[in-house]
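# Coordinate analysis (summary)
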Amino acid sequence: MSEPRHALRHPQKPAHIPVDRPTEGIRPEETPLYEARKIVKRYGSFVALNNMDFHIGRNEVVGLLGDNGAGKSTLVRMISGINPPTSGEVFINGKKTDIRTRAESEASGIETIYQDIALVDSMSITRNIFMGREITGRFGFMDHRKMEEVTIDILGSAVQISGIDDPRKEVGFLSGGQKQAVAIARAVHFKRNILLLDEPTSALSVRETEHLLGYVRDLKKEGTSSVLVTHNLYHAFMVCDRFVVMSHGAKVFEARKEDTTIEEVTDHVIRT
Amino acid sequence: MSNSQADHIRRAVAERAGRTFPAKVADWIRDRPEGGIAVMFCIAQILCIAGALMFPGEFRYLLPANIAVTLKSIAPLGIMALGVGILMIAGEYDLSVGAQYSFLAIVCATVSNQLLGDISEEHASAAAPFIAMALVLTIGALIGVFHALITLRFNIPSFITTLGGMLLWKGATLLYHGASALRFKPTEPFRTIFGGEIGVIHASIIWFSLFAIAFYFLLHHHRLGNHFYAVGGNRNAAVAIGIDPARTKIIAFAIAGFMAAFSGVVAATRVGSIQPGGGLGMELQAIAACVIGGLALNGGRGSILGIVLGTALVFTIQDVLLLLRAPAFYFEMFVGSLIVIAVVLNTAIRRSKA
Ligand SMILES: Nc1ncnc2c1ncn2[C@@H]1O[C@H](COP(=O)(O)OP(=O)(O)OP(=O)(O)O)[C@@H](O)[C@H]1O
Ligand SMILES: [Mg+2]
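So, a few notes on the structure that sits alongside this text. (Residues numbered from 1 in each chain as written. Chains lettered and ligands numbered in written order. Predicted model: local features only at pLDDT ≥ 70, side-chain atom pairs only at ≥ 80, totals over all residues. Heavy atoms only, no water.)

Next up on the list: the interface of chain A and chain B. With 36 residues of chain A at the contact, the number on the chain B side is 35 residues. Of the roughly 3,100 Å² buried where chain A meets chain B, counting both sides, 55% is carbon and sulfur surface. In terms of surface lost to chain B, no three residues of chain A exceed A:Ile152, A:Asp165 and A:Phe173, which account for 17% of the buried area on that side. The tally of links from chain A across to chain B stands at four salt bridges. A salt bridge links B:Arg301 to A:Glu170; its shortest N-O distance comes to 2.9 Å. (Contact = heavy atoms within 4.5 Å. Buried area = accessible area lost by both parts, 1.4 Å probe. Salt bridge = Lys/Arg side-chain N within 4 Å of Asp/Glu carboxyl O.)

So, about the nonpolar core. B:Leu82, B:Phe215 and B:Phe228 are the most contacted members of the largest nonpolar core, which has 83 residues in total. If sequence neighbours within four positions are ignored, B:Phe215 has contacts with B:Leu82, B:Ile86, B:His220, B:Ile255, B:Met259 and B:Ile304. (Core = buried A, V, L, I, M, F, W, Y, C linked by side-chain atoms within 4.5 Å. Buried < 20%, exposed > 50% of the residue type's maximum accessible area, 1.4 Å probe, protein only.)

Looking now at the coordination of the magnesium ion (ligand 2). The coordination sphere of the magnesium ion (ligand 2) contains the protein donors A:Ser73 (OG) and A:Gln115 (OE1), at a distance range of 1.9 to 2.1 Å. Placement of the pair is A:Ser73 in helix α2 (residues 72-79) and A:Gln115 in the loop between β6 (110-113) and α4 (125-129), with a sequence separation of 42 residues. (Donors = N, O, S within 2.8 Å, 3.2 Å for Na, K, Ca; no water. Helix = DSSP H or I, 4+ residues; strand = E, 2+ residues; numbered from the N terminus.)

As a further point, take the sheet that holds strand β8 (residues 225-229) of chain A. Residues and elements named next belong to chain A. Taken together, six strands build an open sheet; the order of strands is β6-β7-β8-β3-β9-β10 and the sheet is mixed. Of all the strands in the sheet, the pair left with one neighbour each is β6 and β10 (250-256). Across this sheet, the average inter-strand angle for adjacent strands is 15°, counted without regard to direction. Across five bridges, strand β3 (residues 61-66) lies against strand β9 (residues 242-247) in parallel orientation. Note that in β9 the partner of Gly 66 across the bridge is Met 246. Where α2 meets the sheet, it contacts β3, β6, β7 (194-198), β8 and β9, and its direction lies at approximately 140° from that of β3. (Pairing = 2+ DSSP bridges. Axes fitted to C-alpha atoms, helices over the stretch in contact; angles between N-to-C directions.)

Moving on: the site of ligand 1. All names here are of chain A. Taken together, 15 residues surround ligand 1, and among them Asn 68, Gly 69, Lys 72, Ser 73 and Thr 74 come closest. Gly 69 places a main-chain nitrogen or oxygen 2.8 Å from an oxygen atom of ligand 1. Elements with a minimum of two residues in the shell around ligand 1: β2 (46-56) and α2. In terms of residues, the shell around ligand 1 owes the most to one element, α2, which gives four residues. (Near = heavy atom within 4 Å. Polar contact = N/O pair within 3.5 Å; in protein donor to acceptor, adjacent residues only side chain to side chain.)

With that out of the way, let us pick up unusual backbone geometry. With an omega of 0°, the peptide bond between B:Glu188 and B:Pro189 qualifies as cis. Looking at where B:Pro189 falls in the secondary structure, it is placed in the loop between β1 (182-183) and α8 (190-195). Within the chain, A:Ala118 stands out as a residue other than glycine whose phi angle is a positive 60°. Among the structural elements, A:Ala118 can be located in the loop between β6 and α4. On the basis of relative accessibility, which here comes to 3%, the residue A:Ala118 falls in the buried class. With a phi angle near 55°, B:Arg325 is a residue other than glycine that sits in the positive phi range. Position of B:Arg325 relative to the elements: it lies in the loop between α14 (304-323) and α15 (329-353).

All names here are of chain A. Under the definition given, this model contains 20 salt bridges over all chains. Between Glu 60 and Arg 242 there is a salt bridge, and its shortest N-O distance comes to 2.8 Å. Pair noted here: Glu 60 is in the loop between β2 and β3 and Arg 242 is in strand β9, with a separation of 182 residues, a long-range link. Arg 242 sits in the buried class, given a relative accessible area of 1%. In this structure, Glu 111 engages Arg 102 in a salt bridge whose closest nitrogen and oxygen atoms are separated by 3.1 Å. Exposure class is identical for Glu 111 and Arg 102. Each is buried.

We now examine the packing of aromatic side chains. Remark: the centre distance and the inter-plane angle together describe each pair of aromatic rings, the angle taken between the planes. A complete count under the given rule lists 18 aromatic pairs over all chains for this structure. Where A:Phe237 meets A:Phe243, the ring centres are 4.5 Å apart and the plane angle is 20°; that geometry is what we call stacked. For the residue pair A:Phe237 and A:Phe243, the accessibility class agrees, reading buried in each case. Ring centres of B:Phe211 and B:Phe215 lie 6.0 Å apart, and the angle between their planes is 25°; this geometry places the pair in the stacked category. Of this pair, B:Phe211 and B:Phe215 both sit in helix α9 (residues 203-221), separated by four residues, roughly a single helical turn. For the pair B:Phe211 and B:Phe215, a shared accessibility class is recorded, and that class is buried. (Phe/Tyr/Trp six-rings, centres within 6.5 Å; stacked < 30°, edge-to-face > 60°.)

The next thing to look at is the environment of A:Gly156. All names here are of chain A. Mapped onto the elements, Gly 156 comes out in helix α5 (residues 144-157). The exposure class assigned to Gly 156 is buried, which follows from its relative accessible area of 0%. When the C-alpha atoms of Gly 156 and Ala 185 are compared, they prove to be 9.4 Å apart, with 29 residues separating the residues in sequence.

None of this, on its own, says anything about what the molecule does.
Below, the structure is given as structure tokens:
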């Protein structure tokens, strides 16, 4: 951390909270949709999440920010159950819940757009969208026609995806942005209470990004809260109601949008 | 607001559905890995039939006896390859199926003979061979589960687990029975059900067809089949979306073991005796048939039609070489070249599309 450089950037604005020191952050006022307390996640001796508190309120978009390797994706995967914590507690609607598999997070209405997309290249768009949640008739046989029909609707409405006109196309032949759009479309279709978006716009065009951010804002009104992980603070400021900045597996700054400025948040992200 | 977008997809889909039949076939050949092999298979058949019509005296390809023998010999490898192929699509290997084939056939014959299931017994039991077969099919599936549990529990490549398994079951065969051949002449109706013939059609080829149809529906139309592709194509994505890869792979391993056992029993019924070393190398032939049929070595890609055509093509070549009285080593040379050509073609097609 180099003081002179910061002084140069924001000469008149010292940070409110000492940098690199974990902070308690904001306590939820009403019972949140989701709350994680004192989460520790270790990979061997490496501590990826260190006593992290995190909550998602009702009708809220939370911006999860931080440097590369801060632990944002680790937290997202923890919430979606595929990377269960080493210790800590999780509460859904105030009720203590054990979420240690994807099936359990799905039961709690959590849907995720993963940073690494999580699509199978060798399968068609339709099969990717319904992977693990196939529409089946009797004895578990798939209803291909219905799945394709829904896929066409999803591709046309949720996020505008340029250049996809064949739901049977193999995902491996799509462009990076198209793949990301398919992953978004899938999550958006199945979303219920909470939508986690881990750098969802990294491969999207400007138009698609605008569309997605607008969509996330609209979701709030329908009762779906979101967590947006992004490196783009302008995007974060466009849609988020609260910001959480992470560094080295811990929360170092948390503020509501009305209590902070983009400069202050930027300051915390680059200082840590 | 974006319904127009869905409409344009709908139009494109309708347009594709309205293509002429030849156009659909041409696209299928270009887009599907089994399309190329289907073309190769058809060309091979046309050449063989033309040759047989031109030189009926020398090249007896169309003689009923030849057709019967070829169909008969396809079945054991084909049945085994269906199991191996499904496991490959789920992203794992089983190198032990050849050893299981011999071991389980011998267990089946021994148990059946002990229960008086041999046709020459005085009070021969009709149920004995069925009981023995049910037993070894169960054991085959359990061996698959056993391999799966070791592979998944210790997170090691199944190539290693089942290489160990291959040696283990080969040794177990010798320990259990010794190196001599074993007689297996089961009582009726078992003999007819698994070894009977209608014209040129042997019972084993009917069983192969039934399994191919059943697995076609399982793999391409059942939820579980979708999970095989997902787990084999991108394990992490499957986990992220809530598919349990362990459960899926255990089922695939069990299918491979079950099919190896079935194949061993059917082959033993046809021949009437079992050589303890008879299954050696079959695992590689089964994998070869799958690869020729367009299955990807690293999983997630392939089809039942591909497995069937791959097996059929291997045996067409074998048959032609036999009819031409070529020495046996030509067969291996041809199959070896075919594997490489098939993979080169598939890779080239994929690359030209991407
Ligand atoms: N499976 C793993 N085993 C060991 N360490 C891991 C594992 N997964 C993540 N880590 C480590 O945990 C830390 C946090 O990683 P994470 O992916 O959560 O970062 P991030 O905040 O999402 O970064 P980015 O902005 O680059 O996506 C990193 O130092 C990473 O190396
Ligand atoms: Mg990340």
